[in-house]
Amino acid sequence: MTLIDPADAPRKTALVPDLRRLDERAARAWTEAMAVRSLPGSRYAVDSESGATYVVDATTGSCTCPDHEIRGRRCKHVRRVAIEITAGRVPPPGQVRAVCDACETETFVPEDAPTPHLCATCALDPGTVVLDRETGDRLVVVRVTDRRADDVRVDAADCTVAAYPTNEGYPADDVVVEVAYLGDGDRRYSFPRSRLRRTDDAALLA
């Protein structure tokens, strides 16, 4: 392995494209006032600067504007949709905007995604190894439920997950995650999502 000296910094470059190097349609896609709204599937409505609204299909690269339909050109509307998707301002094809049910940040999820809707940071797949912040125990995720900590009962303690003594301080409306202890896969335990932290100890499952 050859390490790169931090002193050998790359040359400075702008994140915004140099409009002088772009063709007319590309430059207008960057500079004109447009609003892009996602539609079902891979389609997007583009409200153009002229006041007209056109529909772009991001998968086929088509647009209902005259520039594309008559001239067959890759129009500014198709380019603008690509810019908005890349910048994360509109969801990619097949996804919709949602609020993460765990941390309430805005995220994108598949159109048919089951609840709960979780962002990439909060999402936990079955089989993921997590750490109990309170005890340091390593657990295995069985499933992420669509129920809240103040709605799920712990029968053995005759209280809800939110009211369980060691869960004090965690949000009462936190998403509940069902887990199992390593080596004890038969029993299921319910934890508030924010009590669990990802860990890199996946090797423990081997």
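Structure's up top.
So, here's what we can say about the structure. (Residues numbered from 1 in each chain as written. Predicted model: local features only at pLDDT ≥ 70, side-chain atom pairs only at ≥ 80, totals over all residues. Heavy atoms only, no water.)

Position of E111 relative to the elements: it lies in the loop between β6 (106-110) and β7 (129-132). Setting aside residues up to four positions removed in sequence, E111 forms contacts with L39, P40, G41, G94, Q95 and V96. One polar contact links the side chain of E111 to the main-chain amide nitrogen of G41, over a distance of 2.8 Å. (Helix = DSSP H or I, 4+ residues; strand = E, 2+ residues; numbered from the N terminus. Contact = heavy atoms within 4.5 Å. Polar contact = N/O pair within 3.5 Å; in protein donor to acceptor, adjacent residues only side chain to side chain.)

Further remarks concern helix α1 (residues 24-31). An α-helical segment advances 3.6 residues per turn. Residues three or four places apart therefore align on the same side. Every buried residue of α1 is listed here: A26, A27 and A29. On an axial view of α1, the arc spanned by its buried residues comes to 155°, and they lie on one face. Structurally, α1 contributes buried residues whose contacts are with α3 (76-86). (Buried < 20%, exposed > 50% of the residue type's maximum accessible area, 1.4 Å probe, protein only. Arc of directions from axis to C-beta.)

With that settled, the discussion passes to the sheet that holds strand β1 (residues 35-38). Taking strand neighbours across the sheet as the criterion, the four strands line up as β1-β2-β3-β4 in an open arrangement whose pairing is antiparallel. For this open sheet the edge positions go to β1 and β4 (62-63), each flanked by a neighbour on one side alone. Note that strand β3 (residues 53-57) and β4 share two bridges and pair antiparallel. Pairing of D57 across the sheet is with S62, part of β4. (Pairing = 2+ DSSP bridges.)

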